[in-house]
Amino acid sequence: MSELSREALLGIVRDVWERRDPVPAHLVAAMQATAAMAGSDVDAELMELVERSTELVGARGSTAYTLRFVHEDTDLLLRVAVDGDRSRVDGWVVPAEPMTVRALPGELPAPYAAVVTESGRFELTDLPLGLLRLRLEPHDTTRPAFATPTFEI
Amino acid sequence: MTGIGAVRPVGPADEVWQRATDGFNRWVAGEPSGLDDLVAAMTPVLWHVVRSYRLSESAAEDVIQTTWLALVRRRAAILDAKAVGGWLTTTARREAWRVAQATSAVAPADDDDLAPLLPRQRSAEDAVVQRDEGDRLWAAVDRLPERCRRLLRIVAFENRPDYRELAADLDMPVGSIGPTRGRCLAKLRVALVQAGATETGEYR
């Protein structure tokens, strides 16, 4: 008999426990319901675009422009810079508060995220061109998340 | 999420982490079905991790529910979608450990230590197919010392368990987790041979 590899042994352990102590049949559905109910509270409120600068055309075909969004007392200023087929967003949240900013490009969810600094700044780099939306999630969990409308880079 | 000398199980386990990451990304992008998929992928993993803390079924379900609520509330804490699985198992283990500590004083009899020794109800057709091979595998795992059973169960279901926390939970020195895991695997290998459980070659 050949020596069992570590992965094969761990596979046996998984198999044994899955048979011996199976996940209760109702558990996944129950947890989905729990999570969905809790998650429905975190739907983002929409920010409003209040200002958009004219595009600034720089050297070598790079461009940059600024956007300003507001939601209640929070101001979000963005400077979007395009270089070739990638872009970067430098943001400034006023007043500054601890939050996570996620970039949601188009249809394809991708892991672009940053935490704002104490001064309210954040940066997202190497973003693809196209449609983009930013989602701001305050670390104060009593505050709802909010999101910008979709804009195009 | 990196662990010291982390084990990376192959096969179905890898798909679980990928499904978790994909689900998280879609959920963050505003698709509620992403959260459903994340929950479906990770709840079974959480079950096995939490149950290794000798919690009753209902206590384990409570811990898992607490974990999912924590994820929804603390989603902003997860910047890298690939880390979501590790975040969940770590959160679940902390909560399981806390609950186990809180209840151990009032529950001297440990049913879960006895439970593995009892045959579990299975459907008739399952029983016919699984009795021989399955029972031999069960017997081999049962033969392990309790600490080995718990450690291997956690390591088998988690992707990259944090050895520091694992050591504290299992009341072992951090540096001994790796060697202990190795010894436990060696014991399992011997137990399997003794039980004749691998003669069919299914797991070769």
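Model, not experiment: these values are computed from the prediction.

1. Looking at the environment of Glu152(A)
Reasoning step 1: Among the structural elements, Glu152(A) can be located in strand β12 (residues 151–152).
Reasoning step 2: Along the chain, Glu152(A) and Gly130(A) lie 22 residues apart, while their C-alpha atoms are 5.4 Å from each other.

2. A word on the interface of chain A and chain B
Reasoning step 1: Tallying the contact residues gives 48 residues for chain A and 54 residues for chain B.
Reasoning step 2: In this assembly, chain A packs against chain B so that about 5100 Å² is buried in total across both faces, 67% of it on carbon and sulfur atoms.
Reasoning step 3: The largest contributions to the chain A side of the interface with chain B come from Arg14(A), Arg19(A) and Arg20(A), which together make up 15% of the buried area.
Reasoning step 4: Summed over the shared surface of chain A and chain B, the result is four salt bridges.
Reasoning step 5: Taking the shortest distance from any N to any O, the salt bridge between Asp21(A) and Arg51(B) comes out at 2.9 Å.
Reasoning step 6: Listing elements by their share of the side of chain A that touches chain B, those giving two or more residues are α1 (6–20), α2 (27–39), β7 (99–105), β8 (112–115) and β10 (131–138) of chain A.
Reasoning step 7: With 14 residues, the single largest contributor to the side of chain A that touches chain B is α1(A).
Reasoning step 8: Its residues placed into classes, the side of chain A that touches chain B shows 26 nonpolar, nine polar and 13 charged.

Calculation rules
- Residues numbered from 1 in each chain as written.
- Chains lettered and ligands numbered in written order.
- Predicted model: local features only at pLDDT ≥ 70, side-chain atom pairs only at ≥ 80, totals over all residues.
- Heavy atoms only, no water.
- Helix = DSSP H or I, 4+ residues; strand = E, 2+ residues; numbered from the N terminus.
- Contact = heavy atoms within 4.5 Å.
- Buried area = accessible area lost by both parts, 1.4 Å probe.
- Salt bridge = Lys/Arg side-chain N within 4 Å of Asp/Glu carboxyl O.
- Nonpolar A, V, L, I, M, F, W, Y, C, P; charged D, E, K, R; others polar.

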